[in-house]
Structure formats: C-alpha cells, structure tokens
Amino acid sequence: MRHPQTLRVAWGVGLIGIVVAVLALAPHLGAAPPSGAPAELKLGFVDFLSGPAATFGTPGKNTAEWLVEKWNREGGIRGVKVKLVVVDESGGPDKQVTEFRRLALDEKVHAVVGYTSSANCLAVAPVAEELRVLTVIHVCGTRRLTEERQLKYVFRTSNTQTADSVMAARYILAMKPDVKTIAGANEDYAWGRDSWDDFKAAMLRLKPDVKVVAELWTKIQAGEYSAEISRLLAAQPDVVHSSFWGGGLITFVKQAAPRGLFKTRLVYLSTGEQVLQDVRKEMPDGVIVAPRATPGYFLHPDPATNRLQKEYVEGMKSRYGRYPDYPAYRTYNALAGLRAAYERAIDQGGGKWPTTEEVIKAFVGLTWEGPLGKLTMREDHQAIHGAIIGLTKFNPQFGFATMERIRELKPEEIMPPVGMKSPDWIATLK
Amino acid sequence: MGGRRFAPAVGAALLVAAPLVIPDWMRFILALALAKFPAVLGVALFLRGGMVSFGHAMFYAVGAYAVGFSARWLGLRDVAALLPLGVVLGAAAAALVGLVMARYREVFFAMLNLAFSMMLYGALLKLYWVTGGTDGLAAGVPTFFGWAPPREFLRLVLYYATLATTGLAVWVVYRFLASPLGYFLRARGDNEIRIEYSGESVQRVIYVTYVLSGALGGAAGVLAAFVVGHIVPEYAFWVQSGEFVFIALLGGFESVPGPLVGAIAFEFIRAYASKYFPNEWQMVLGVIMLAIILFRPGGLWAIWEALRGRLGPRAGEVQHA
Amino acid sequence: MRLLTIIVMDGAVFAAVLYLLSVGLTLVFGVLRILNVSHGGLYAVGAYMATSLALRVVGAGANPYLTYAMLLVGPLVVGLVAGPLIERLFLRRIYAADMHIQLLLTFAIFLVLEDLIKLLWGTAPLFASEPYMLLGQFEVGGITYSWYQVCLIAFAVLFGGVLAWAVRATRIGKIVVAVITDREVSQAVGINVDRIFTVAFTLGALCAALGGALIAPTIAVVPGFALDATVLAFAVIAIGGMGSLEGAALGSLIVGLLRSVAVHTVPEVDLVAIYLAMIMVLIVRPEGLFGQLEVRRI
C-alpha cells in the first residue's frame, strides 16, 4: 500500500534527481570538448619566485595566472579548462631537475612552460626529452639550447641573447656612425660574457676600426659599482654596453647617473625596459634601452590600436599594479604559442584530443598571435620574432621613462638562420 | 643475534627493493639522496671529531666536473671508469688542500675550507671557456662497464650502481671507524693532548680523515653528476657545503646510517616543501633545521634509537622469529 | 698619479661599506664566540626597513631630509627588536653546544629571515634615492663622485672611533672587553655575562642593520642581496682577526683596496683575489691580523 508521505518523498527525490542531472549535463551541452580530452589541461609553470631573479619570475607568474584565468573564463582550450601548477625556479639545477620530474611523474602535467635561467633550461632539456614532456622555454637566453642540440620535446618561443647584442650594434651604428671606442660593463657569467662577446663581435664586424677601451666584469648582482663607474668615466668610451639586470641594474643606474655616466656616454642597457618602472625619475633621458629583443612593450604597439594589447596591459595594471614588462610578454607569447599548437593539433586530428607528439608536429612551423604581433616557430624549435630598441625619455603621464625614437628590427636582422651557429653568423653580418 | 644486525639488513633490503615498487619520481629523489650520501658521510666523519667543514662541496665539485670534462672532451661517460677517477681526484685534491687544513681547528678550519671551496667556485665560474661557466656541462647518458642499458632501464641501472657505490662507501667508513685512526678521530673532539700522549700525531689523524672525506666527496660528485645530468659551478658553492652539514645533522652524524636517513629525508622534505609552499620553502627548511637543532640535535637517527630503546629487548626477540 | 687617486678613492668607499657590514659580526664573535651566519639577514632587514620607511616619508610628501632620520630609525627598530629576540629565544640555548650546532642554528635563522623579508616586503626591488641624491656630487681627478659616498666613509670612521672609545673608556665597554678576554674569570668577578651577551648581540644586530640601512640608498634592495654580503663579511673578519674591532677596520681596508686595484687593472680576478688574500692570511697568521691566539686548555 503506497503511503502518501512516501509518494511525496519519491516525487521530491525524483525532482532533485532531474535537476542534478540537468546541471551535470549542462556544461557538456555547450561546446563539447574534443573526444579523448582530459578533465583539465595541467600546465607546469616554472620561474623565479625568490632571490634576485624574482623580479623576472613574478611578472611571469602573474601573466600566467591572468592569462589562464582569462582562458578558463572563456571556456578553456576548446572547452578544456587549464590548471596551473607553479614551481619556484630557484635552488639550482639539481633541485630543478627534481622538480621537473615531480611535475612530470607526480603531478602528471601535460606540458611545462618557463625557465629564465640558462643553466636551468640546459639542465632540464635532456630530462624533458627523456620523459617525453612538452616543454616551452619562455625566457632563457643561451643560444646553446637550440644551437647545440637536436630538440624534439623542447621549444623556445623567444629570441636568444644574441639578438639583444646584434640589435644594439645595428641601432648604435645607425645612431652614431662615427663610433670610435666601446666599453663593456657586464656580470662575469655566461649571460654577461655571451652578451658582451656577441656585441663586441658584431660591432667589430660592422665597423672594424672600433676600439675596445675597457671590459669590466662584476660579480653577479654585485650591488656595488663605484669602482667600475670610475673606470668607465676614466676610459671615456663613446658607447658603453651593459647586460646588467634587475636589482643590479637599478643599483648601477642609481650609482652611475649622479656621476654623469649617462650624460657623457651613450649607454646601452639590454634589459633596460624591465627596470623603467622601478627606476622612475632616476632614469636619465637618452639611454638606449630595450625589452631585450622583444617586438614591443606596453606602449608599442599602441594599445589603442591593438585589442589584445589593450586587454593585457589594462588587465595586468589593474590587477597587479604594474605594466607588463618583457618577462611578462615572453610568458604570454609562450602560453599563447602552446595554446595555438594544441588548437592546430586538434584541428589537424579532426577534432579529437591530440597526443604530445601531435602537438609537437603542429607547433613546428606554426605562426601565432600575441599582443605584440605574430611569432613563428622554426623547425629547429626556436621561434624568432622582431624587436624594438629606443631611447629613454621621462614621461610625466606615467611617472617613469618610456621609450622614444623606437626602431623596429626584423627577425632576420638579429637572429641567425636555422642551422647556423651565432658566432659564425655574426662573422658574416652585413 | 637480534635487533642490532637485523635493522641494517632490513634497511639494505628496502633500498634494493624500493625502486621496483615506488613511483618513478620518488625513485629519482632516492637516487639523488644516495648519490649525495658519501659526501655527507665525509662531513659526518669530521663532525664526529668535533670539526665542521663548510668546504666539502669542493670535492663534490671535483668529482662532478671530472664527469663533465670527460664527457665533453673524451666522450667518456662510463660509470665504471669515472667513479674511480672521481675518487682519485677527490682524494688528490684533499691531499693537497689537507696539507694546509690539517693544522687548523674550530672556526678557522671551517672558514679556510670555505675559502678554498669558494676559490674553486670562482675558478669554475670564470674559466667559462673551459668549464662552461654558469651554463654548465652536460653529463650525458652513462654507460656501465661499456654496456649501454636500454632506455627504459637506464634510471634503474643507475640507481643500483649508486646503491652499490654507497654500500662500498659505508663499508670503507665502517672499517675506518673501527681502525685506530677512527677511534683517534672520535677522541680528537674530547682531548687532543691525550692523543699525542698515546703516540699518535693528531695532524696525521686529521689529514687521513681529510683525504678519505675527499675521496668520498669525489665519488658523490660523480654519482650526482649522472643522476642530475647537469653540472654547474654551484656544486662548489658554500651553500652546497651547508646542505651537506645540515643533512648530517638532520640524520644524525654519530652513526653511519644516520646521514643516509638524513639525505633521504632532506630530499623528500625539499620536494614536498616546494610542492606545498612554493613561495616559502626556504623558510620551511629553516624552521625544520631550527627544530632539530633546538630539540633533537642527535637528528633522526637519535629519534629512531630512542624509539628502539623504548621498545626494549623484547622487540629484538620478536623480530628474530 | 690620477689612477692611484681613483683607486684609493674607490677602495675607501668600498672599505667603508665593508666595515659597516663586518664590525657587528666581529663584535658578536668576540663576545659570544659564535659566528653569526644570520648577520647577513639582519643586514638585509635593516636595508629593507630603512628603505621602506624612507619611501613612506617621501610618499607622504614630507621633507626629504627626513629620510636621513629613517636611515637611523629603521635599523634601531630592527636591532632592538630582532637582537634580543634572537639571542634570548635561540642563541641562549646553544652557548654550551658545539660550534657546528651554533653555525647551523644561525644558518637556519638566516633562511627564515630571507623568506620573512619576502613575505613582508615582496620580491620587487625597492629603493629610495633621496638620501643619495640630495647631497650632490663633486669631482676628483676628472671623475665625478657623490657626496653621499664621502659621508659613508666619514660615518664609518666616526662610528669606528666611537666604538673604539666606548670600548676603552666607558664602563660597559670595559666589561665587554673583559668578557671577550676571559668569560669564566669575568663571571667569577661578578659580571652578569648573560646580560652582556644580550647587549653584545643586540649591538651586533644594530650594527648589521645600520650597515644595511646606510648602504641601501646607494643600491636597489632585492631579495638575496645578503647572501654575497655574508661571505664577504666572513672574509673581512677572517683577515682582520675575529673578535677584533681594529681588525674589522683593517680587514675592510685591505679587501676594499684589493678589490679596487683589481677592478682598475685586472677585473676578472676580483672574486678570486679576496679569497686568496683570506687564505694567505689564514695560513700565515690563522687568528687574523689583530686576532688573539686562543690558548689551548688541557
């Protein structure tokens, strides 16, 4: 005999069941993810969250967070949400190799994006190949990553540090064709040495009668440059090249500007754009700066004319209080490239979720869009793109110096062709 | 018979069986811990003698760069050839530096060691056209007595090679500690004059220990170079030496297995601290260090011994069955 | 002649920086016989505190000359808070312990301080430029120097002088020297050695923080800048003699001049030169140039 109470309960349960079923099915009633898709796309993101290089890693991490949240808000990559697993890049290669293996084998990420330090990206690349994990290097500059080995699972979406030096040589000679003497103030490790060597070689190739009057080598992030500044002032070079970065660069500007180094000499700071917002009005006018060899910065292309740029610049500024700088842009380009590769692979596979190998195949030769323009991935897994370089000028609207007299350089002018080693290419520069 | 002999056998059996059951990335951590263990043993030996060395990263780097140079210039990546080479080079470096070091104690011992190690670091950093500078050298894929294991088993074979080397190192250290020199080393911490009265030269004791620890450091460097795959000047930095000292303290340096427990614990703690506290993992390590120092300076091994003591002789009998 | 002037000038500037960094370390070692690895951390905290206070002053639109006051207030706060805290909570427990325990404890404190700095002040570089810029520049031998650098040298000399006077002429100074010379006898005589330890460590922490605060206007304060400073400080006091205030001064001068010579002649060797000097001094005279030989007790 059916109890009226039981009937009501049964109806109630049934109703709830229907509602639940509808709610569960609803997301799937929208854009259906490709068949075989995982529940979420797990991405490892590795950058410096501590130590002096955190000045690069923090904008990178912020960009990754912002971009992934934006993607997820808009439905994810073809319906698949993205989950970021963030790892601190500090601690040296043995820690980074451990962390990479943990990301690959314990967290089981689908891909890893990141690596600012050249030592780390060189250490991690063989592990990526061994474990068959798609890895997209976003910043690290050593040319040895792509020039001295065959890569299958590893890609780099930004120019090498050779481009920073060659671009500078070209710009300086265009600005000041009668340069007679040059000097270098760099940190004594691979980054500083390679930057200076390439710059010196390019200058000597393009104008063989140039003389080097001083080569200064400091400790990494030395923080105390008065002796070096004295030496530069005494040597009186026409042009000074420096690949100082982060806190060390800010300190150098602080100590050198009052002593007149920038007034009397033409100084090139290859990572200069990154510190503009920190140095504010201490940055003298007329210093050659670049966001390394990146095709733009937060004012170029003009956000008013470029939708992606506008959205990104405003988004980052309002959320993190800082305009995006080159580590931020390189992170964006890396993530955007990865996404474009996935989407191309999905399309090429007729709509089903691709394997890592299929994504790799789709990535090679791919051209994708970032806020600064298009980038193309070459078959040697090195992407190349254009670059801007310019002079500082204090901008009252922002309270810090921005770039003027910007010159854009084409990728072929600043990066060697596939298969050619940078030093050999520089020896043939025109 | 009983608990005393049983535990090491169980421990060894666990280490042999572990890689076959635990997940891959944990196996890597275990391999890295085992690789660093001989260097930590070297540091622990000195700690037993009441001396701290903040410079043993020197020998670790020597061993690692032996692998790097050999891979780069000779194309030689054979573990069987490079291990003895690393041991010999580490011992040679220690023999050289030890001539100076053996005359110092206390803080001066620690500082002078640190200075030598930092000089090596500076040299490795600056001579970048030889050493690769901060970009470092790649170790490549190792071979074993000429045999190149198939890809899927490479990590496993490397693990067992590391384990075997570690076992050998443990045996050597046990023999050393059982020898008169070993006893004198322990005695040095108490009273040097008495050693001299017994007819032994304290300088000789320290020198021999130094050379032994250099050999151990070199072996560790070779193993770590292959396990990690990349060699950088930071292998000689004082923070690396500090890590060895910390591991010795964490595990408990008064025993031989103590540092091994410490090495394994350290690698796991570091991995999990990064996983759960990606922004504060250094502080987590610092806090753990503080806790050990303040509350259990005997390290993890002392905790284990206290537990075993608590269980009493009955436990031994039960295990016997 | 001109090069010599420049070398001496640069050497003096660097020596002043080093002196402010290492005098606290040598004081702590002299009294407590502990090599305080966290000294570099306190130096960094001093720099951060002073810089953030100076930035606040400037941001509030106050008189920029007030930033100089912040350079003194900041480290005072740090020293008076962190000093007794660390000494009472941690160091007190390990005075009787072996040296390696003490070294590791201070190393652990250093690690904690590093991340604490990150939590409190973030990872972006901080700098306040007013103190450095306000004083202007001058020329020597055709090279422009900043007056702030000269002030640093003057302050270091003054500070050293005051410290030396305090140690010799004041009662508390003589008590501290007594404790440095012989702890047991001092205790036997009735000196409250525990209190002296706290005083000495607090003073050492104050010196470290002050050093950091005074250097901050010339640099950009970033996470991790204390790591290098720590090792340099060790080198300086090893050369000068651990526990000796005169030694800290002489050690700073030597290392400063050495580095200056290296930069102006063979820049690549500056790192190696400092450690080489340290090794040579330690080999020839292990207790340092002004250090006291410890008599071995049977």
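All of the points below concern the structure found in this document. (Residues numbered from 1 in each chain as written. Chains lettered and ligands numbered in written order. Predicted model: local features only at pLDDT ≥ 70, side-chain atom pairs only at ≥ 80, totals over all residues. Heavy atoms only, no water.)

## Here we look at a nonpolar patch on the surface
A contiguous nonpolar patch, built from Leu4, Val8, Leu253 and Leu257 of chain C and spanning about 330 Å² of accessible area, is present on the exposed surface. Mapped onto the nonpolar patch, the elements with two or more residues apiece are α1 (2–32) and α11 (245–265) of chain C. (Patch = residues over 30% accessible without salt bridge, like charges linked within 9 Å, V, L, I, M, F, W, Y side chains within 5 Å. Areas by Shrake-Rupley, 256 points an atom, 1.4 Å probe, with all protein chains shown as cover. Salt bridge = Lys/Arg side-chain N within 4 Å of Asp/Glu carboxyl O. Helix = DSSP H or I, 4+ residues; strand = E, 2+ residues; numbered from the N terminus.)

## Side note on the nonpolar core
Of all hydrophobic cores here, the largest spans 241 residues; its most connected members are Met111 and Tyr210 of chain B together with Val31, Leu32, Leu91 and Met278 of chain C. Taken domain by domain, the makeup of this core includes at least three residues from each of domain 1 (40–159 + 302–384) and domain 2 (162–292 + 386–426) of chain A. (Core = buried A, V, L, I, M, F, W, Y, C linked by side-chain atoms within 4.5 Å. Buried < 20%, exposed > 50% of the residue type's maximum accessible area, 1.4 Å probe, protein only. Domains from an automatic or database assignment.)

## Some points on the interface of chain A and chain C
Taken together, the contact between chain A and chain C spans 36 residues of the former and 38 residues of the latter. Around 3000 Å² of area is buried between chain A and chain C when both sides are counted, 56% of it from carbon and sulfur atoms. The three residues of chain A that bury the most area against chain C are Lys219, Lys254 and Arg259 of chain A, which together make up 21% of that side's buried surface. Remark: the boundary between chain A and chain C carries one salt bridge. Glu228 of chain A is the salt-bridge partner of Arg259 of chain C, the closest N and O atoms lying 3.2 Å from each other. Between the two partners, chain A and chain C, sit seven residue pairs in polar contact (both at pLDDT 80 or more). Counting residues per element, the ones that place at least two in the side of chain A that touches chain C are α2 (54–73), β7 (211–218), α8 (226–235), α9 (246–256) and α11 (276–279) of chain A. (Contact = heavy atoms within 4.5 Å. Buried area = accessible area lost by both parts, 1.4 Å probe. Polar contact = N/O pair within 3.5 Å; in protein donor to acceptor, adjacent residues only side chain to side chain.)

## Quick word on the packing of aromatic side chains
Evaluated as defined, the whole model comprises 43 aromatic pairs over all chains. Seen in terms of ring centroids, Phe138 of chain C and Trp147 of chain C are 4.4 Å apart; in terms of plane orientation they differ by 35 degrees. Their pairing is tilted. Taken together, the aromatic side chains of Tyr297, Phe298, Tyr323, Phe398 and Phe400 of chain A make up a single cluster linked through ring pairs. Against the face of Phe127 of chain C rests Arg280 of chain A, its NZ or CZ located 5.8 Å from the ring centre. Arg339 of chain A extends its terminal NZ or CZ atom over the ring of Trp71 of chain A, reaching a point 5.1 Å from the ring centre. (Phe/Tyr/Trp six-rings, centres within 6.5 Å; stacked < 30°, edge-to-face > 60°. Lys NZ or Arg CZ within 6 Å of the ring centre and 35° of its normal.)

## Considerations on the interface of chain B and chain C
Contacts between the two partners involve 41 residues from chain B, matched on the other side by 41 residues from chain C. Both sides together, the interface formed by chain B and chain C hides about 4000 Å², and carbon and sulfur atoms give 83% of it. Here chain B is connected to chain C by zero salt bridges. Linking chain B with chain C are three residue pairs in polar contact (both at pLDDT 80 or more). Of all elements in the fold, only α5 (106–126), α9 (192–197), α11 (238–251) and α13 (281–295) of chain B reach the threshold of two or more residues within the side of chain B that touches chain C. Looking at which element gives the most residues to the side of chain B that touches chain C, the answer is α5 of chain B, with 13 residues.

## Quick word on the sheet that holds strand β11 (residues 367–370) of chain A
All names here are of chain A. Strand order across the open sheet formed by three strands is β11-β12-β13, with antiparallel pairing between neighbours. The outermost strands of the open sheet, each flanked by one partner alone, are β11 and β13 (383–384). Sheet analysis places strand β12 (residues 373–377) next to β13, joined by two bridges and oriented antiparallel. Within the sheet, the bridge partner assigned to Met377 lies in β13 and is Ala383. (Pairing = 2+ DSSP bridges.)

## Observations regarding helix α2 (residues 24–48) of chain B
Residues and elements named next belong to chain B. With 25 residues, α2 extends 35 Å between its outermost C-alpha atoms, agreeing within 8% with the 36 Å of an ideal straight helix rising 1.5 Å per residue. The largest bend in α2 comes to about 35 degrees, at Phe37, with the proline Pro38 one to four residues further on. Just downstream of α2, Gly50 is the residue with a positive phi angle, here 80 degrees. (Expected span 1.5 Å × (residues − 1). Bend = angle between axes of the 7 residues up to and from the residue.)

## Side note on the sheet that holds strand β1 (residues 40–47) of chain A
Residue and element names in this part refer to chain A. Spatially, the five strands line up as an open sheet ordered β2-β1-β3-β4-β5, and their pairing is parallel. Each end of this open sheet is capped by a strand with a single partner; those strands are β2 (81–88) and β5 (154–156). Across the sheet, the mean angle separating the axes of adjacent strands is 20 degrees when strand polarity is ignored. Lying over the sheet, helix α3 (residues 93–106) contacts β1, β2, β3 (111–114) and β4 (134–137), oriented at roughly 160 degrees with respect to β2. (Axes fitted to C-alpha atoms, helices over the stretch in contact; angles between N-to-C directions.)

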